[in-house]
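Okay, here's what each chain looks like letter by letter:
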Amino acid sequence: MECLKNLEIFDREGITINEDINLQAIGVVNTDIDDPLKMPMGGKLARVDIFPAYQQALLRIEENSHLWLLLWFHKSDRNILSTRPVRVNPDLPEYGVFSLRAYNRPNPIALTKVKLEQVEGNHLWVSGLDAINGTPVLDIKPYYESDIVFSPRTPYIRPCNRQMRLQHFHRHALTYHQEECNDLLTGVRMVLEADEYLGQVTEPDVLITVYGSRCLADTIQGLTLARLANPVRFTFIESDEKLQSQWTKGEHSLVLTCRQHINQDNFWDMDNKELLEIEYK
Ligand SMILES: [Zn+2]
């Protein structure tokens, strides 16, 4: 395990204190991926092996559905202070590493939210973990409801091509709605179109009205972060007859109406004009 040596800590009076910070790993990641560049964007199912000396610290951990893992990305380049998120989009500008989740950074501490699938003694099976095999685990904390900020302001790291954007929205929709029903797929395709025509769908000036099922409304609300109030951005009208979303941004309006049922067979590949009637003004 690496140590952080002679870190200079400044207090409010500007006095410099030299202090060693020594961290002992409490466990290690066990997965079949050895190369960070081969890691799927949403992470994967992996086993976290907690060292037997710390097993007592896992008492009642199964009462949590989700956990924060703090990891040490041991293969990172610690001299990098700014970078571009090229895997997502090579055309994006440079960001400081403290403004990104990049794994190269001065202290390569990774913070990863995972779903706890199963506990077997000192082994935790978790999904959504984006750490390679052998990554040291520094700490584990439960994920609490108070960790959620429903509509935060974040930079728009827009994936460079349509298929990556579809995967991105699909992944986020599943995190929010928690089931892959056909109306989730419909909502994702609608948000993909809204993003093409109106730009960032989480912007405060994007207003949305959804006609259709609660699953469709839930998915679109999750992806747009549009709240029903404070401020009013989202309206839902339950309907058995039509599946439609109406969008406005400034002077522009967009109406998306389903032409046919969207399901796993047509979701990933079918042309947008075949799935949706698109009216843009
Ligand atoms: Zn659903």
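Criteria and cut-off values
- Residues numbered from 1 in each chain as written.
- Predicted model: local features only at pLDDT ≥ 70, side-chain atom pairs only at ≥ 80, totals over all residues.
- Helix = DSSP H or I, 4+ residues; strand = E, 2+ residues; numbered from the N terminus.
- Buried ≥ 20, exposed ≤ 12 C-beta atoms within 10 Å, placed from the backbone.
- Contact = placed C-beta atoms within 7 Å.
- Pairing = 2+ DSSP bridges.
- Domains from an automatic or database assignment.
- Axes fitted to C-alpha atoms, helices over the stretch in contact; angles between N-to-C directions.
- Parallel < 35°, antiparallel > 145°, perpendicular 65-115°, else oblique.
- Left-handed = near helix turned anticlockwise from the far one by under 90°.
- Nonpolar A, V, L, I, M, F, W, Y, C, P; charged D, E, K, R; others polar.
- Core = buried A, V, L, I, M, F, W, Y, C linked by C-beta atoms within 7 Å.

(A) Looking closely at the overall build of the protein. Looking only at helices and strands, the protein features 5 helices and 15 strands. The dimensions of the protein, computed from C-alpha atoms along their principal axes, are 65 × 45 × 35 Å. Out of the 281 residues in the protein, the part that is buried amounts to 25%. Taking all contacts inside the protein whose residues are at least 6 apart in sequence as the whole, residues at least 24 apart take part in 66%.

(B) Molecular detail of the pairing of strand E5 (residues 66–72). The alternating pattern of E5 places Leu 67, Leu 69 and Leu 71 on a buried face and His 66, Trp 68, Leu 70 and Trp 72 on a face that is not buried. Direction of pairing for E5 relative to strand E8 (residues 109–120): antiparallel, over a ladder of 7 bridges. The partner of Trp 68 across the bridge, within E8, is Lys 113. Here E5 pairs with strand E10 (residues 136–142) via 5 bridges, running antiparallel. In the strand pairing of E10, Leu 69 is matched with Ile 140.

(C) Summary view of the domain arrangement of the protein. Domain assignment breaks the protein into domain 1 (3–73 + 108–147) and domain 2 (162–280). Taking the mean C-alpha position of each, domain 1 and domain 2 sit 35 Å from one another.

(D) Highlighting the packing of helix H2 (residues 182–198) against helix H3 (residues 214–224). Look at H2 against H3: their axes get within 8 Å of each other, and the N-to-C directions meet at 40 degrees. As far as their axial angle goes, H3 and H2 are oblique. H2 and H3 meet at a crossing whose hand is right-handed. Together, Asp 183, Leu 184, Thr 186, Gly 187, Val 188, Met 190 and Val 191 of H2 and Cys 215, Leu 216, Thr 219, Ile 220, Leu 223 and Thr 224 of H3 make up the contact between the two elements. Looking at the contact of H2 with H3 residue by residue, the classes come out as 8 nonpolar, 4 polar and 1 charged.

(E) Molecular detail of the environment of Thr 83. Locating Thr 83 in the fold gives a position in strand E6 (residues 82–83). Beyond its immediate stretch of four places on either side in the chain, Thr 83 contacts Glu 94, Tyr 95, Val 97, Leu 100, Ala 102 and Asn 104.

(F) Fine view of the sheet that holds strand E3 (residues 27–30). Read once around its circumference, the closed barrel built from 6 strands follows the order E3-E4-E9-E8-E5-E10, with strand pairing classed as antiparallel. Strand-to-strand twist in this sheet, taken as the mean axis angle between neighbours without regard to direction, amounts to 45 degrees. With 2 bridges connecting them, E3 and E10 associate as antiparallel partners. Bridge assignment links Val 28 to a residue of E10, and that residue is Pro 136.

(G) H3, seen in detail. Of all 11 residues in H3, 9 are buried; the element is thus mostly enclosed. Buried residues of H3: Leu 216, Ala 217, Asp 218, Thr 219, Ile 220, Gln 221, Gly 222, Leu 223 and Thr 224, and no others. Where H3 ends, the next residue or the one after it, Leu 225, has phi of about 55 degrees, a positive value.

(H) Structural context of the nonpolar core. Membership of the largest hydrophobic core comes to 26 residues, with the highest contact counts inside it found for Val 188, Val 191 and Ile 220. Mapped onto this core, the elements with two or more residues apiece are helix H1 (162–177), H2, strand E11 (206–212), H3 and strand E14 (252–258). When residues of this core are assigned to their parent elements, the largest contribution, 7 residues, is made by H2. Ranked by size, the runner-up nonpolar core spans 20 residues in total, among them Ile 26, Ala 46, Tyr 103 and Ile 140.

(I) Focus on the sheet that holds E11. The 5 strands lie next to each other as E12-E11-E13-E14-E15, forming an open sheet whose pairing is mixed. Among the strands making up the open sheet, the edge pair consists of strand E12 (234–238) and strand E15 (276–280). Across the sheet, the axes of successive neighbouring strands diverge by a mean angle of 10 degrees, strand direction being ignored. Here E11 pairs with E12 via 5 bridges, running parallel. Bridge assignment links Gly 212 to a residue of E12, and that residue is Glu 238. Strand contacts of H2: E11, strand E13 (244–249), E14 and E15, with the helix running at about 155 degrees to E14, the strand carrying the most contacts. Strands E11, E12 and E13 of the sheet are contacted by H3, whose axis makes an angle of about 165 degrees with E11.

(J) Fine view of unusual backbone geometry. Note that the residue after Asn 230, namely Pro 231, is joined by a cis bond; omega there is -5 degrees. Within the secondary structure, Pro 231 sits in the loop between H3 and E12. At Leu 225, a residue that is not glycine, the phi angle is positive and equals roughly 55 degrees. Looking at the element boundaries, Leu 225 is found in the loop between H3 and E12.

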